[in-house]
Amino acid sequence: MPRAVTVTYAVWPTPAQVAAGAADLFTSAAITAANMRGKARIAISGGTTPKAMFALLADRAQPYFARVPWDKLELFWVDERTVPPDHKDSNYGMTKAAMLDHVPLPAAQIHRIQGELSPEAAADKYEAEIRTSFRLEGAETPGFDLALLGMGDDGHTASLFPHTEALNALGRIAVANRVEKLDTWRVTLTSPVINQARRVTFLIEGAGKRDILRDVLLGPYDPETLPSQFIRPGSGKLSFLLDAAAAAALPYDTAQPPPYIGSLELK
Ligand code: 6PG
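Given the structure is predicted, the values throughout are model-derived calculations rather than measurements.

Asks: Please clarify how the site of the ligand should be interpreted in this entry.
Replies: In the vicinity of the ligand lie 16 residues, with Thr49, Asp79, Arg81, Ala158 and Lys209 positioned nearest. In the model, an oxygen atom of the ligand is placed 2.7 Å from a nitrogen or oxygen of the Arg81 side chain. Note that an oxygen atom of the ligand is positioned 2.7 Å from one of the side-chain N or O atoms of Asn91. In isolation the ligand has 420 Å² of accessible area, and contact with the protein removes 89% of it. When the residues that make up the shell around the ligand are grouped by side-chain class, the tally is 2 nonpolar, 10 polar and 4 charged.

Below is the structure:
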């Protein structure tokens, strides 16, 4: 039985407004975690959607740069493509160009997945790095302060693709995942680890995501086909930041100014 959670979503008219909302959430989550635990451990996604948020966080003319506790931030990725860091498809590479090259985040606090290694070696190494960084013992698993996810138009999240082996990985923090339909390997955090984050937030934009988002949130529970449905954090803090095009098939109230807020009970 899946865990019941209440999901809340915030809808803005434009992607630029979603990026500002996401930068705000990233900043507040980092401040709260740093104040409470001395560190902010955040796992981010790649793809294209978070790029605008990274650029805002790195922009000194915006309010976020000065507020983010860069000295206390430990940055992780939810997934990576099996390419070197300077490859155009590298999630780390995208983040580096958009944000890391412009912010005072010490290199020792940047925990990238080494996509240039063999997929298994990259997953093992990343898992070991997470264990060391979180000082985990035995079967303990990490509790990120925030996991920021994207969603593909097939319902995948992180590199948890429909009907792939990683969906059923047991006792692992990160795994190599063969994605037959893309004829490639990915390295990804597992869904139990994502669900252990104190807060999980999806960033989703564009009309191309409208129907699949409706299926993920309002359709029958079938996470092998729609892996985003596996994401139900134990903290109960699950939110979606959406633009109006992606949210067009969801109910929400437009009586107040944006962001328009909606919520659903996932049973
Ligand atoms: C990746 C991801 C992946 C991504 C979605 C959405 O490495 O591709 O982390 O899960 O978040 O595919 O991607 P877009 O933001 O490009 O739509």
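Asks: When you look at the pattern of salt bridges in this model, what are you seeing that I'm missing?
Replies: Close approach of charged atoms allows side chains with opposite charge to pair. Going through the model one piece at a time under the given rule, you end up with 17 salt bridges. Among the ionic pairs, Asp124 bridges to Arg172, the shortest N-O distance being 3.1 Å. Of this pair, Asp124 sits in helix α5 (residues 119-134) while Arg172 sits in the loop between β6 (146-149) and β7 (174-179), and the two are 48 residues apart along the sequence. Given the relative accessible area of 44%, Asp124 is considered partly exposed.

Asks: What am I meant to see in the sheet that holds β7 here?
Replies: Sheet strands pair via backbone hydrogen bonds, and the direction of the pair is either parallel or antiparallel. Spatially, β4-β8-β7 is the arrangement adopted by the 3 strands of the open sheet, whose pairing is antiparallel. What marks the edges here is a single partner per strand, and that holds for β4 (79-81) and β7. Between one strand axis and the next, the sheet turns by 25° as a mean value, whatever way the strands run. Here β7 pairs with strand β8 (residues 184-189) via 6 bridges, running antiparallel.

Asks: Before we go on, may I ask you to explain the pairing of strand β2 (residues 40-44) in this structure?
Replies: The two faces of the sheet receive side chains in turn, since in a regular strand these alternate between them. Burial of β2 is extensive: 5 of the 5 residues sit out of reach of the surface. Alternating positions in β2 separate into two faces, Ala40, Ile42 and Ile44 on one and Arg41 and Ala43 on the other, with burial throughout. Of the pairings in the sheet, the one linking β2 to strand β3 (residues 73-77) comprises 5 bridges and is parallel in character. Residue Ile44 lies in a different strand from β3, and its bridge partner there is Trp77.

Asks: What's the story with the nonpolar core in this structure? I'm lost.
Replies: The nonpolar side chains of soluble globular proteins are, as a tendency, buried together. Ranked by internal contacts, the top residues of the largest apolar core, which has 88 residues, are Phe26, Leu189 and Phe240. Considering each element in turn, this core owes the most residues, 9 residues, to helix α1 (residues 15-37). Those residues in contact with Leu189, other than ones at most four positions away along the chain, are Ala43, Trp77, Val78, Tyr126, Ile130, Phe144, Leu160, Ile173, Ala174 and Ile194.

Asks: Just to check I follow, could you spell out the side chain of Thr188 for this structure?
Replies: Relative to the helices and strands, Thr188 is located in strand β8. Thr188 gets classed as buried once you look at its relative accessible area, which sits at 0%. A polar contact of 3.1 Å, which involves the side chain of Thr188, links it to the backbone nitrogen of Ser159. Contacts of Thr188, omitting those with residues within four sequence positions, involve Val78, Asp79, Ala158, Ser159, Leu160, Ala166, Ile173, Ala174, Val175 and Asn177.

Asks: Is there a simple way to explain the packing of aromatic side chains in this structure?
Replies: One pass over the structure, following the stated rule, counts 7 aromatic pairs. For the pair Phe65 and Trp70, a centre-to-centre distance of 6.1 Å together with 40° between the ring planes defines the contact as tilted. The same class applies to Phe65 and to Trp70, which are both buried. Consider the rings of Trp77 and Tyr92, whose centres lie 5.7 Å apart with planes at 65°: the pair is edge-to-face. Remark: Tyr92 occurs in helix α4 (residues 91-98) and Trp77 occurs in strand β3; sequence separation between them is 15 residues. Judged by its relative accessible area of 0%, Trp77 is buried. An aromatic cluster is built from Phe76, Phe134 and Phe144, whose rings are joined through pairwise contacts. Looking at Arg41, its charged tip hangs above the ring of Phe134, at a distance of 4.3 Å from the centre. Sitting over the face of the ring of Tyr92, Arg112 holds its NZ or CZ atom 5.3 Å from the ring centroid.

Asks: Honestly, the environment of Ile204 in this entry has me stumped. Any pointers?
Replies: Considering the arrangement of structural elements, one finds Ile204 in strand β9 (residues 200-204). Taking the relative accessible area as the measure of exposure, Ile204 reaches 0% and is therefore buried. Residues Ile204 and Gly152 lie 52 residues apart in sequence; the distance between their C-alpha atoms is 8.8 Å. In this view, Ile204 contacts Met151, Lys209, Leu213, Phe240, Leu241, Leu242, Asp243 and Ala246; residues no more than four positions away in its chain are not counted.

Asks: What exactly am I supposed to notice about α5 here?
Replies: Working note: α-helix, 3.6 residues per turn, so residues spaced by three or four point in the same direction. Relative to the 22 Å expected for 16 residues at 1.5 Å per residue, α5 spans 22 Å between its end C-alpha atoms, a close match to the ideal helical length. For α5, the complete set of buried residues consists of Pro119, Ala122, Ala123, Tyr126, Glu127, Ile130, Ser133 and Phe134. The buried residues of α5 occupy one face: seen down the axis, they fall within an arc of 130°. Note on α5: the residue one or two positions beyond its end, Arg135, has a positive phi of about 50°.

What counts and what doesn't
Residues numbered from 1 in each chain as written. Predicted model: local features only at pLDDT ≥ 70, side-chain atom pairs only at ≥ 80, totals over all residues. Heavy atoms only, no water. Near = heavy atom within 4 Å. Polar contact = N/O pair within 3.5 Å; in protein donor to acceptor, adjacent residues only side chain to side chain. Areas by Shrake-Rupley, 256 points an atom, 1.4 Å probe, with all protein chains shown as cover. Nonpolar A, V, L, I, M, F, W, Y, C, P; charged D, E, K, R; others polar. Salt bridge = Lys/Arg side-chain N within 4 Å of Asp/Glu carboxyl O. Helix = DSSP H or I, 4+ residues; strand = E, 2+ residues; numbered from the N terminus. Buried < 20%, exposed > 50% of the residue type's maximum accessible area, 1.4 Å probe, protein only. Pairing = 2+ DSSP bridges. Axes fitted to C-alpha atoms, helices over the stretch in contact; angles between N-to-C directions. Core = buried A, V, L, I, M, F, W, Y, C linked by side-chain atoms within 4.5 Å. Contact = heavy atoms within 4.5 Å. Phe/Tyr/Trp six-rings, centres within 6.5 Å; stacked < 30°, edge-to-face > 60°. Lys NZ or Arg CZ within 6 Å of the ring centre and 35° of its normal. Expected span 1.5 Å × (residues − 1). Arc of directions from axis to C-beta.

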